[in-house]
Amino acid sequence: MKEVLPDIDRWLARGERVATGRVVGVEGSGPRDPGATMVVSGAGEVAGSVSGGCVEGAVVTEALRALRGGLPARVVTFGYSDADAFAVGLTCGGTIHVLVAAELPPFYPRLRQALLAEEPIAVATVTAVDRGGDSDQLAEGAVNPAIVLDVEDAVSRRIARQTTKVMALLQRRGSDPEAYGP
């Protein structure tokens, strides 16, 4: 993300909105690791990459759509077996999940500061997707406090080791808020 900061700063200085696309999951072989980021200005300028080129156009389209429609953040999935992904060039055999949001996250100033100072920082993203219906919009509402503690613990360990990990902690639908698991 550090490489897109100058572009974000320039767009914000012009008063433009900025959409983000960030890889939040990879299954099998993927072109970029989780955390890879692309940003898109309201004027359609693009910086960064989520796939090294193979699905960039589709992510830009989703980001511009989000900016125009004020859509909530959503996870867009591209996979080898997906005809659309194949059409845009994701032929690496894997699946990538990209979180597309029509705005910078509220913690952006702190993230920017840490990246510029080369301080360790972690980003935990809730991508609770309702797979029961047609919607792929992110679930809204309170996050289970037990999950937050688990994430904080895992983040502390990763920062100390200077390593990265994708974790999946899911609260079961209709269950006690304390019941969660992978």
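Refer to the structure above for everything that follows.
Just so it is clear, the structure is predicted and the values come from calculations on it, not from any experiment. (Residues numbered from 1 in each chain as written. Predicted model: local features only at pLDDT ≥ 70, side-chain atom pairs only at ≥ 80, totals over all residues. Heavy atoms only, no water.)

Undergrad: Any chance you could break down the layout of surface pockets for me, citing the residues and the numbers?
TA: Estimated volume of the second largest pocket: approximately 170 Å³. Lining of the second largest pocket is provided by Phe107, Arg110, Leu111, Ile121, Ala122, Val123, Ala124, Glu152 and Val155. At the level of elements, α4 (108-116) and α5 (145-161) are the ones that each hand at least two residues to the lining of the second largest pocket. Residue classes in the lining of the second largest pocket are distributed as seven nonpolar, no polar and two charged. (1 Å grid on protein atoms, 1.4 Å probe; cavity = no way out; pocket = protein on both sides within 12 Å on 5 of 7 lines; lining within 4 Å. Points joined across faces, edges and corners; volume = space filled by probe spheres on them. Helix = DSSP H or I, 4+ residues; strand = E, 2+ residues; numbered from the N terminus. Nonpolar A, V, L, I, M, F, W, Y, C, P; charged D, E, K, R; others polar.)

Undergrad: How would you explain the side chain of Glu62 if you had to name every residue and give the values?
TA: The residue Glu62 is located in helix α2 (residues 56-69) in this model. Excluding its chain neighbours within four sequence positions, the residues that come into contact with Glu62 are Arg74, Val76 and Val100. (Contact = heavy atoms within 4.5 Å.)

Undergrad: Tell me about the sheet that holds strand β5 (residues 95-101), and name the residues and values.
TA: Strand order in this open sheet of five strands is β3-β2-β1-β5-β4, and the pairing throughout is antiparallel. Looking at which strands have only one partner, the edges of the open sheet turn out to be β3 (46-48) and β4 (74-79). Neighbour to neighbour, the strand axes of the sheet diverge by 25 degrees on average, direction disregarded. Inspection of the sheet shows β4 paired to β5 by six bridges, in the antiparallel sense. Along β5, the bridge assignment pairs Gly79 with Thr95. Its contacts with the sheet put helix α1 (residues 5-13) on β1 (18-27), β2 (37-41) and β3, and the angle it makes with β2 is roughly 20 degrees. Its contacts with the sheet place α2 against β1, β2, β3, β4 and β5, and it is angled at close to 50 degrees to β2. (Pairing = 2+ DSSP bridges. Axes fitted to C-alpha atoms, helices over the stretch in contact; angles between N-to-C directions.)

Don't take any of this as a statement about function, it's just geometry.
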